[in-house]
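Spelled out from the first residue to the last, the chains are:
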Protein chains: 2
Amino acid sequence: MGKILVLGAGDMGTALSVPLCQNKQEVNLWGTEFDAEVLETMARTGQHIRLGIALPGCVTLFSAAELEKACQNVEVVVLAIASSGIRSIMQRLVPFVKDGMIIVNAAKGLEEDSKTGNMLTMLDVIESELPEALRGKNPMVTVGGPSIAKGVAERVPTEVVFASKDLAAARHCQEVFTTPVYKMKITTDVIGVGLCAALKNVFAVAMGFCDGVEGKTDVRVKMHNLRAALLWEAVVELSKIVQTMGGKEETVLGPAGIGDLYVTALGGRTCLFGKMLGGGMSTEQALEEMKNRHQTVETYPATKAVYKLAQMLSKNGKLNINDSPLLTQVYAVLFEGKDVEAAISDCFAALQ
Amino acid sequence: MGKILVLGAGDMGTALSVPLCQNKQEVNLWGTEFDAEVLETMARTGQHIRLGIALPGCVTLFSAAELEKACQNVEVVVLAIASSGIRSIMQRLVPFVKDGMIIVNAAKGLEEDSKTGNMLTMLDVIESELPEALRGKNPMVTVGGPSIAKGVAERVPTEVVFASKDLAAARHCQEVFTTPVYKMKITTDVIGVGLCAALKNVFAVAMGFCDGVEGKTDVRVKMHNLRAALLWEAVVELSKIVQTMGGKEETVLGPAGIGDLYVTALGGRTCLFGKMLGGGMSTEQALEEMKNRHQTVETYPATKAVYKLAQMLSKNGKLNINDSPLLTQVYAVLFEGKDVEAAISDCFAALQ
């Protein structure tokens, strides 16, 4: 059995090595230039600084310059890189990709095709970077579902979704990854899983709006009823977009959709960003504050991309953007300076 | 247009008078013997003690002894009583129920039929108390969905579900209740809505388990991934039971199911009780502690009732109780003294 190569020594890459090691796999963990400090500390102390865990014993570390070496005897390569970095990492990886090597994507995002204006899922991006000779020869799997890296690293029971058009490859990955505390469902709905992963942040930011409004001094009540209404509206709008794009409703109504939306709404960067806006900061102020905290805000570009996608679908008559009041209002807050409370009010008024 | 009579001057009864008054209805608010102190204070100060709000101007208060008077010129009567009190209140109400009066149930629970052992929803209980002459002549509506009383009282945007076999009656209630911040969807699935309302507490208690385990000193990570897995499992198991009983999947996959489950999991009594158990208290200790805090634990009898229902359905071959590991493990913790962490582990292992 070949090795597993994890690209990205950030939180998720390192966390995924935990179930892999628990499952007796040999793992090569390769860090990008951005991971240099983390890698160096791991090599020296055996600890991952941010995750606060000891590096599992089965892991061999590789620095950015050692990609070729890291690819030797590898049968599964896992991309645990921020979505904005997937294309460039693929370009570096391609020379070492062998026929049959399974590519697993753990990034969650959308990329706009610079030529057509179409929105590409992470698997679309990965596929587009494969040379002609390899297309269709590398099974691809994309990961969705509720899985915070820290929880995976600390062996909190976690159930995710592996989507692939190649069920045998998905099953192989399932064997490689499954432990008593890390399980996955398998589906062929790569579109649905890819879209849910990218779109949930856009909707979850609205839960952060509620956190922010609650924090104001004149607000003396929890907005839980509203959170539930917005969660459900998010599911409805997500489902419409996913189905219009050829994904399945059952994917949205499952761990990849509702599950991931729920976990994102429980806290983390997306909610924090929404909370800042809900508390009265402008988008610029909130982005600046997040930058000061060294937090990437994937929600911000994702909202632009998803709104653009919905507009395009609406223009083509496949979707009515007026049926997506939550998306519309989140966009208005992030990109048009709309007041959060006015946006919430307008969204609620438009609920059907 | 007739008046609206709300039975029960507790949190929910009083809260519901807020949208009714905002909507220019005349409301009679009748309190039971248990509400005597709250009523007396409201009459004297105009404030509801627990809710912390001023009584809306459209409300006329009636004490327990004044039920007949409270029923005059009433076209809609709303039962906002704890589920355990619905039968006895109906027995007191029946002499004053007029042909055509719409009965709205806001209680959430199940009652075991003492003769047949069947589980009755609140509407079943209400109907069984109507005299022969009135059966079928009083449209009945049951309320589901995510609505914490305090939020309704404070005008947090809230979206609920009104279920009735009589759509005209449901629409009439919709007109009477709808405000810009209190909206409702309408459905004919009274079984689904009634069951969701009763069953969600049983599943939401497991989210409280997570709170409790997180509170232990040796646990240094949030169990969000597990929460998401359990939320989804709850939806799956709830859906099976509801469909077996003749309710609709779409009710579970909507505000009455997922929405109410989500809001219950965000906090409140059910979670608090689960947290105590997750933190290591025995069921007896947790019940005692809840009693000291004057908190009713509807989850406790509900779990027994729902587990019994699932066993009965399993025995009849309509459901396989092994497909309900979450329900089984919640029951084991509450009624068989099983350790919460062992229960979580066994539940997760059984997820399909």
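On a predicted model such as this, the values are computed, not experimentally measured, just so you know.

### Points about the state of the cysteines
Tallying each qualifying case throughout the model produces two disulfides over all chains. Two residues, A:Cys21 and A:Cys58, share a disulfide whose sulfurs are 1.5 Å apart. Taking the sign of the S-S torsion, about -65° here, the bridge from A:Cys21 to A:Cys58 comes out left-handed. Placement of the pair is A:Cys21 in helix α1 (residues 11–22) and A:Cys58 in the loop between β4 (53–54) and β5 (59–62), with a sequence separation of 37 residues. For A:Cys21, a relative accessible area of 14% puts it in the buried group. Here B:Cys210 is not disulfide-linked; the sulfur of B:Cys271 is the nearest cysteine sulfur, at 9.2 Å.

### As for the sheet that holds β5(A)
Residues and elements named next belong to chain A. Taken in spatial order, the eight strands make up an open sheet running β5-β2-β1-β6-β7-β10-β11-β12, and their pairing is mixed. Each having just a single partner strand, β5 and β12 (182–187) make up the two edges of the open sheet. Adjacent strand axes in the sheet meet at a mean angle of 25°, parallel and antiparallel pairs treated alike. In this fold helix α8 (residues 190–214) packs onto β10 (140–144), β11 (158–163) and β12, with an angle of close to 45° to the strand it touches most, β10.

### Regarding the confidence of the model for chain A
Model confidence for chain A is summarised by a mean pLDDT of 95, while 100% of its residues fall at 70 or above. For this predicted complex, the interface confidence score (ipTM) comes to 0.94, while the overall pTM stands at 0.94.

### Side note on the nonpolar core
Counting residues in each nonpolar core, the largest one holds 197 residues, and the members touching the most others are A:Leu7, A:Phe209, B:Leu7 and B:Phe209. When neighbours within four sequence positions are excluded, A:Leu7 is seen to be in contact with A:Trp30, A:Leu67, A:Val77, A:Val78, A:Leu79, A:Ala80, A:Ile81, A:Ile89 and A:Leu93.

### As for the interface of chain B and chain A
Contacts between chain B and chain A engage 45 residues on the former and 45 residues on the latter. For the chain B and chain A pair, buried surface summed over both sides reaches about 3,700 Å², with 67% attributable to carbon and sulfur atoms. Broken down residue by residue, the surface that chain B buries against chain A is led by B:Asn225, B:Tyr262 and B:Phe348, which jointly contribute 20%. Our enumeration of links across chain B and chain A arrives at one salt bridge. Salt-bridge contacts for A:Arg220 lead to B:Glu154; the nearest nitrogen and oxygen are separated by 3.1 Å. Linking chain B with chain A are 15 residue pairs in polar contact (both at pLDDT 80 or more), by the criterion used here. Counting only elements with at least two residues in the side of chain B that touches chain A, the list comes to α6 (149–153), β11 (158–163), β12 (182–187), α9 (224–244), α11 (255–265) and α16 (340–350) of chain B. Counting residues per element, the side of chain B that touches chain A draws most heavily on α9(B), at eight residues.

### Side note on the pattern of salt bridges
Pairs can form between side chains of opposite charge whenever their charged atoms are close. All names here are of chain A. Applying the stated criterion across every chain, the model contains 35 salt bridges over all chains. In this structure, Arg-87 engages Glu-111 in a salt bridge whose closest nitrogen and oxygen atoms are separated by 2.8 Å. Placement of the pair is Arg-87 in helix α4 (residues 86–93) and Glu-111 in strand β8 (residues 110–112), with a sequence separation of 24 residues. Overall, the relative accessible area of 21% leaves Arg-87 in the partly exposed class. Asp-260 is paired through a salt bridge with Lys-200; the nearest N and O atoms lie 3.7 Å apart. Here the residue Asp-260 occupies a position in helix α11 (residues 255–265), and Lys-200 occupies one in helix α8, the gap between them amounting to 60 residues.

### A look at the relation of the copies chain B and chain A
Of the transformation placing chain B onto chain A, the axial shift is 0.0 Å and the rotation is 180°, giving an RMSD of 0.0 Å. Seen this way, the second copy is the image of the first under a two-fold rotation axis. Minimal C-alpha distance to the rotation axis in chain B is attained by B:Leu253, lying at 3.8 Å. Looking at the interface residues of chain B, 100% of them are also at the interface in chain A, so both copies use one shared face.

### Digging into the environment of A:Gly10
All names here are of chain A. Within the secondary structure, Gly-10 is located in the loop between β1 (3–7) and α1. When the C-alpha positions of Gly-10 and Ala-305 are compared, they lie 25 Å apart, and in sequence the two are 295 residues distant. Excluding residues that lie within four positions of it along the chain, Gly-10 makes contacts with Asp-35, His-48 and Arg-50.

### Regarding the packing of aromatic side chains
Under the defined criterion, the tally for this structure stands at eleven aromatic pairs over all chains. Taking the centre distance of 4.7 Å and the plane angle of 20° together, the rings of B:Tyr300 and B:Phe335 count as stacked. Here the residue B:Tyr300 occupies a position in helix α14 (residues 299–315), and B:Phe335 occupies one in helix α15 (residues 325–336), the gap between them amounting to 35 residues. Taken together through their ring pairs, the aromatic side chains of A:Tyr300, A:Tyr307, A:Tyr331 and A:Phe335 make up a single cluster. Over the aromatic face of B:Phe348 sits the side chain of A:Lys183, whose NZ or CZ is 5.2 Å from the ring centroid.

Here is what the cut-offs are and how they apply
- Residues numbered from 1 in each chain as written.
- Chains lettered and ligands numbered in written order.
- Predicted model: local features only at pLDDT ≥ 70, side-chain atom pairs only at ≥ 80, totals over all residues.
- Heavy atoms only, no water.
- Disulfide = S-S within 2.5 Å.
- Helix = DSSP H or I, 4+ residues; strand = E, 2+ residues; numbered from the N terminus.
- Buried < 20%, exposed > 50% of the residue type's maximum accessible area, 1.4 Å probe, protein only.
- Pairing = 2+ DSSP bridges.
- Axes fitted to C-alpha atoms, helices over the stretch in contact; angles between N-to-C directions.
- Contact = heavy atoms within 4.5 Å.
- pLDDT = per-residue confidence, 0-100.
- Core = buried A, V, L, I, M, F, W, Y, C linked by side-chain atoms within 4.5 Å.
- Buried area = accessible area lost by both parts, 1.4 Å probe.
- Salt bridge = Lys/Arg side-chain N within 4 Å of Asp/Glu carboxyl O.
- Polar contact = N/O pair within 3.5 Å; in protein donor to acceptor, adjacent residues only side chain to side chain.
- Least-squares fit on C-alpha atoms with pLDDT ≥ 70 in both.
- Phe/Tyr/Trp six-rings, centres within 6.5 Å; stacked < 30°, edge-to-face > 60°.
- Lys NZ or Arg CZ within 6 Å of the ring centre and 35° of its normal.

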